[in-house]
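# Per-entry structural report
The chain contents come next:
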Amino acid sequence: MCLAVPAIVIALNESSEMATVDLSGIQKDVSTVLVDDVNIGDYLLIHVGFALHKLSEKEAISTLALFEELEVMNNQDEQASS
Amino acid sequence: MKYVNEFRNGDVAAKLARVIANEVESDRDYRLMEFCGGHTHAIFRFGIQDLMPENVNFVHGPGCPVCVLPKGRIDNAIKLVQDHNVILCTYADLVRVPATKQMSLLKAKADGGDIRMVYSTQDALQIARQNPNRQVVFFAIGFETTTPPTAVALQVAQQEGLNNFSVFCNHVLTPPAMRHILQQDGDQSANIDGILGPSHVSTIIGSQAYAFCATEFHTPIVIAGFEPLDVMQSTLMLIRQLNSGRVTVENEYTRVVTDEGNRKAQALMQEVFELRPIFEWRGLGMMPNSALQIRDIYAEWDAEQRFAIEHITSSDVKSCLCPAILRGLNKPTDCKLFGTVCTPENPMGACMVSSEGSCAAYWSYGRFRQPDTATAQQERTA
Ligand code: SF4
């Protein structure tokens, strides 16, 4: 029920506060009334036809980088114990 | 899908599992409650429990909106269709939930009731515009994630003077339910050591809404995304807090959750809704200030007022363990009816209806599982 997916904005209709988003090739019109300052190319979190929040690409990248670091630590552990 | 697939990488999952195995202390248990049904679903679908050391266990929480909606509210909705001949618009999740006397919205529809499944509140408004001579009611359920779209619909209905549209409001709030679970003691306590906090509820209310878990109940909480790597990383963050004795609110899901949440959505909810003095939750019982009702300035669009909807006391199937399962006290396999009388095709309780319900998750992903499991293997190689 609370599932929501990230989708990229490909077109904007500012007067009706709607955006067209692309979700793996499927296009959908969603309401952007809940989110300020939406631009083409932004990733939005979509739920029941509404954008709930913008996705921060910077934060996504830093979370993924955290996984990379873990990997390093884990390898070091393994080398230390072998 | 960008920003989804990267968070499902099987190699990283295996590495995270090794780090977790390295860091858990063998002389203690880690009972972690995932509050949301979305997390329960992810944990089963991706076989995450099987990647955990034996002393790390997930306890399933009440965060499944379909599961906590009491039967009486579904009876109310069926009465709207049968007695008032309204067009009832509902999210698809609700139509199979058992109501009193083996009824459901789906059966009411088969009996000729005009019940329409909608994807969005925008669809419900459109149905009202197209049917000016019929009363159209939107059956609103859900936690804070789903509430702002309902608030928008009420505003639009007021602006357009759409007088044949109304909302049957059943929106509930996450923090009071969490508080309720943490307050229980003795044999009612779920005995949890830490909480995996909601993903998309938190995009709206923000991570600081959970500060009370740490300050009042000394329980660490990590806001977690719904993808498998998010769940595992958050589990690791909880284990680290517990090992070091730190108790705080942390946020793993920083790509969409901020400290303060979505202020615009909060302001909108505030304008349209107010706290309901008391509301019944399936499993958790009557809880004060745990749900929302429509403010007087929108009373004209409030189905409860328009159709004088009365409280119907719900009585659940006696041997259904949903109430205890929703409190984290029992597992689905403890229920006598699980998998025999009660299956997703013929659900006895709400926990079997919603794909986010614990019983449905056990049935779909766990029931045929052998100890080191086919499901996890498949997901890892997928
Ligand atoms: S298996 Fe069915 S009857 Fe038993 S607790 Fe789950 S939903 Fe209720």
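Coordinates for the structure precede this section.
This report concerns the structure included in the present document. (Residues numbered from 1 in each chain as written. Chains lettered and ligands numbered in written order. Predicted model: local features only at pLDDT ≥ 70, side-chain atom pairs only at ≥ 80, totals over all residues. Heavy atoms only, no water.)

### With respect to the sheet that holds strand β6 (residues 165-171) of chain B
Residue and element names in this part refer to chain B. Spatially, β4-β3-β5-β6 is the arrangement adopted by the four strands of the open sheet, whose pairing is parallel. The strands lining the two open edges of the sheet, one partner per strand, are β4 (115-117) and β6. Taken over all neighbouring pairs, the strand axes of this sheet differ in orientation by 25 degrees on average, direction set aside. Sheet topology note: the strand β5 (residues 136-142)/β6 ladder contains seven bridges and is parallel. By the bridge assignment, I141 is partnered in β6 with N170. This element, helix α4 (residues 71-84), spans β3 (87-90), β4, β5 and β6 of the sheet and lies at about 170 degrees to β6. Across the sheet, helix α6 (residues 121-130) lies against β3, β4, β5 and β6, angled at about 170 degrees from β5, the strand it touches most. (Pairing = 2+ DSSP bridges. Helix = DSSP H or I, 4+ residues; strand = E, 2+ residues; numbered from the N terminus. Axes fitted to C-alpha atoms, helices over the stretch in contact; angles between N-to-C directions. Contact = heavy atoms within 4.5 Å.)

### So, the nonpolar core
Residue and element names in this part refer to chain B. Ranked by size, the top nonpolar core spans 127 residues in total, and within it L88, L105, F138, F139, F165 and W281 carry the most contacts. Here this core spans two domains, since at least three of its residues come from each of domain 1 (1-316) and domain 2 (322-373). Excluding residues that lie within four positions of it along the chain, L88 makes contacts with A77, L80, V81, L105, D114, I115, R116, V137 and F139. With 31 residues, the next largest nonpolar core counts F7, L32, F46 and L196 among its residues. (Core = buried A, V, L, I, M, F, W, Y, C linked by side-chain atoms within 4.5 Å. Buried < 20%, exposed > 50% of the residue type's maximum accessible area, 1.4 Å probe, protein only. Domains from an automatic or database assignment.)

### Side note on unusual backbone geometry
All names here are of chain B. Its identity is not glycine, yet Y3 carries a phi of approximately 65 degrees, on the positive side. Residue placement: Y3 occurs in the segment before α1 (10-23). Residue Y3 is classed as buried on the basis of its relative accessible area of 4%. Positive phi is not limited to glycine here, since N85 has a value of about 55 degrees. Structurally, the position occupied by N85 is in the loop between α4 and β3.

### Observations concerning helix α12 (residues 263-272) of chain B
An α-helix turns once every 3.6 residues. As a result, residues three or four positions apart point the same way. Residues and elements named next belong to chain B. Looking only at α12, the buried set comprises A265, L268, M269 and V272. Down the axis, α12 shows its buried residues gathered within 100 degrees of arc, on one side only. Of the residues in α12, the exposed ones pointing more than 90 degrees away from the buried face are R263 and Q270. Elements in contact with the buried residues of α12: α7 (147-160), α9 (200-205), β10 (273-281) and β11 (285-294). Here α12 starts with a cap whose side-chain oxygen sits 3.1 Å from the backbone nitrogen of K264, and that cap is N262. (Arc of directions from axis to C-beta. Polar contact = N/O pair within 3.5 Å; in protein donor to acceptor, adjacent residues only side chain to side chain.)

### Observations regarding the site of the ligand
In the vicinity of the ligand, the contacting residues are C320, L321, C322, I325, C335, L337, F338, C342, M348, G349, M352 and C359 of chain B. A per-class count over the shell around the ligand returns 11 nonpolar, one polar and no charged. (Near = heavy atom within 4 Å. Nonpolar A, V, L, I, M, F, W, Y, C, P; charged D, E, K, R; others polar.)

### A closer look at the sheet that holds strand β1 (residues 30-36) of chain B
Residue and element names in this part refer to chain B. Read across the open sheet, the five strands follow the order β2-β1-β7-β8-β9; overall the sheet is parallel. Each of the sheet's edge strands pairs with one partner strand only, and the pair in question is β2 (56-63) and β9 (249-251). Taken pair by pair, the neighbouring strands of this sheet meet at an average axis angle of 25 degrees, ignoring direction. Two strands pair when backbone bridges link them, and β1 and β2 are joined in this way by six bridges, in the parallel orientation. Note on β2: the bridge partner recorded for L32 is F58. Each of β1, β2, β7 (194-197), β8 (221-223) and β9 touches helix α11 (residues 228-244); the most contacted strand, β8, lies at about 155 degrees to it.

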